[in-house]
There are 2 protein chains.
Amino acid sequence: MPRTLPIVNTTAPMCCSPIGEHSEDPAADALQIATRLKALADPSRVRIVQELACCEGHEMTTTEAGALLGVSEATANHHLKRLQQAGILAPRRDAQKVYYHLDLGALRQLGAVLQVRCSANCHCS
Amino acid sequence: MPRTLPIVNTTAPMCCSPIGEHSEDPAADALQIATRLKALADPSRVRIVQELACCEGHEMTTTEAGALLGVSEATANHHLKRLQQAGILAPRRDAQKVYYHLDLGALRQLGAVLQVRCSANCHCS
DNA sequence: ACCTCCCTTCGATATTCATCTAATAGCGAG
DNA sequence: CTCGCTATTAGATGAATATCGAAGGGAGGT
């Protein structure tokens, strides 16, 4: 899975918003964006991100996530992995423990996609 | 479904980001956010929003959405309705046609949730 | 060596949901 | 009123996935 969201180009001349940017392959961009949104579109995973976003550098283990969510460790691990695969979380290993922390850049970039800034002087077709 | 995202309070004193804001019921907030993200977490629906976000005031009918996505009108209608239920799209009826357009505020608000702005002077527990 | 955590994987189950076809409903035109 | 176009609903199906319990694996401590 690519690490970049090709849609977000805040410097390019634009008619409108990042998500409305004209692209070579809008369907591919949509798939790209939807895939990342899907990784976050779950109450348990939003809850994890909430917790990690509270303070800079906060970390969380599988066991802690399980306790926080009230689910089994297997389930908690599943959610952490999904967030990691989307590039939103990154792991840090210390001995037998694995600490997960936020990738703030990835989260911000995903949010930027939704920051629509339409204007009247649009030169779409 | 409530029309507001209680999480986003850009004026309140904060330790970190909107999503990390301390709340009475973080789980409820997470559910709230996840529900809206889920409405957008689909390639077809992102594609629709892309198209509508291109130019201010752009509108789309069920038939047009079906043609754009290459799916049946029933499926297109399903996606439009899901986006509408999430408050992202709003309908405008004209005779027998129904034109859907973006609710820019709702989209921006959802994006704002992900604009994490952590700082070192955090006073979390 | 053994025991104990912690993390991860596996297989199963139940639910959600994207999609289709077919049918129904609404509105305008002739 | 009937025809045609648009929108919507209903029911069915297949795929994705959230969840669990159980089992496996790795690293430290005693």
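The structure contained in this document is the topic of the report that follows. (Residues numbered from 1 in each chain as written. Chains lettered and ligands numbered in written order. Predicted model: local features only at pLDDT ≥ 70, side-chain atom pairs only at ≥ 80, totals over all residues. Heavy atoms only, no water.)

Below, the discussion takes up the protein's contact with DNA strand D. The immediate surroundings of DNA strand D are formed by 24 residues, with Thr75 and His79 of chain A together with Thr63, Asn77 and Lys81 of chain B found nearest. A distance of 3.0 Å separates a phosphate oxygen of DNA strand D from a polar atom in the backbone of Ser72 of chain A. The separation between a phosphate oxygen of DNA strand D and a polar side-chain atom of Lys81 of chain B is 2.5 Å. For the surface near DNA strand D, the secondary-structure elements that each account for two or more residues are α2 (43-53) and α4 (73-85) of chain A together with α3 (62-69), α4 (73-85) and β2 (97-102) of chain B. With five residues, the single largest contributor to the surface near DNA strand D is α4 of chain A. Residue classes in the surface near DNA strand D are distributed as six nonpolar, 11 polar and seven charged. (Near = heavy atom within 4 Å. Polar contact = N/O pair within 3.5 Å; in protein donor to acceptor, adjacent residues only side chain to side chain. Helix = DSSP H or I, 4+ residues; strand = E, 2+ residues; numbered from the N terminus. Nonpolar A, V, L, I, M, F, W, Y, C, P; charged D, E, K, R; others polar.)

So, on to the protein's contact with DNA strand C. In the vicinity of DNA strand C there are 24 residues, among which Thr63, Asn77 and Lys81 of chain A together with Thr75 and His79 of chain B approach most closely. Atoms of DNA strand C within 4 Å of the protein: sugar and phosphate make up 83%, bases the balance. Between DNA strand C and Thr63 of chain A, the relevant distance is 2.5 Å, taken from a phosphate oxygen to a side-chain nitrogen or oxygen of the residue. One of the side-chain N or O atoms of His78 of chain B is found 2.7 Å from a phosphate oxygen in DNA strand C. The element that contributes the greatest number of residues to the surface near DNA strand C is α4 of chain B, accounting for five residues. Among the residues forming the surface near DNA strand C, the class breakdown is six nonpolar, 11 polar and seven charged.

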